[in-house]
Amino acid sequence: MEAMRRFINQLRAKSPWLLHFDCGSCNGCDIEILACLTPVYDVERFGIIHVGNPFHADLLLTSGTVNHRNKKVLANLYSQMPSPKIVVAIGACGLSGGIFREAYNVVGGIDKIIPVDVYVPGCPPKPEAIIDGVVLGLGKLQASQERSRERKEA
Ligand code: SF4
């Protein structure tokens, strides 16, 4: 059973499924994220597949400012993802609230609601920077799987 779990975790790290959620803002970051999925940048070369169901996702890619309206949706999506999971926050709005951070309905960055593993700054960041962030996140996903395996063996 343990060998099977280890095998499945290896497959998850080699072929991660990615969920994308945009909290809002100007959508500039959203457009750059979608560009990563096109054949020009070809994020699928890392085995990544874009999915719409949080129950199937290993990585959550988030952009935009968190506000009082979307914070519950963000928390809900995160809680529905299986562990271990990785969150990559994209752009100044996702990191801190960006230029909207002092607006009346703004909570702030993604990490005000859920834990963030990788921060990709920029307004908006280039697709290359987003891909770097995702690859960094994959390394953290693999390390987290290793840690949970070692804890079980100890
Ligand atoms: S960081 Fe800049 S480009 Fe990205 S959503 Fe915010 S304002 Fe738009």
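The coordinates are above.
Given the structure is predicted, the values throughout are model-derived calculations rather than measurements. (Residues numbered from 1 in each chain as written. Predicted model: local features only at pLDDT ≥ 70, side-chain atom pairs only at ≥ 80, totals over all residues. Heavy atoms only, no water.)

*Asks:* Can you break down the overall build of the protein residue by residue, with the values?
*Replies:* A tally of helices and strands in the protein yields 5 helices and 7 strands. Secondary structure elements of the protein, listed N to C terminal, follow the sequence α-β-α-β-β-β-α-β-α-β-β-α. Here the C-alpha radius of gyration of the protein, 16 Å, is about what a compact globule of 154 residues would show, namely 15 Å. In terms of overall dimensions, the protein has a C-alpha envelope of 50 × 35 × 25 Å along the principal axes. Within the protein, the proportion of its 154 residues that are buried is 45%. Across the protein, the fraction of contacts at a sequence separation of at least 24, relative to all contacts at a separation of at least 6, is 81%. Within the structure as shown, the protein displays about 8400 Å² of accessible surface, and the carbon and sulfur contribution to it stands at 57%. A gap of 7 Å separates the mean positions of the 17 positive and 15 negative side-chain charges of the protein. (Helix = DSSP H or I, 4+ residues; strand = E, 2+ residues; numbered from the N terminus. Rg over C-alpha atoms; globule rule 2.2 N^0.38 Å. Buried < 20%, exposed > 50% of the residue type's maximum accessible area, 1.4 Å probe, protein only. Contact = heavy atoms within 4.5 Å. Areas by Shrake-Rupley, 256 points an atom, 1.4 Å probe, with all protein chains shown as cover. Lys, Arg positive; Asp, Glu negative; His and termini not counted. Charge placed at Lys NZ, Arg CZ, Asp CG, Glu CD.)

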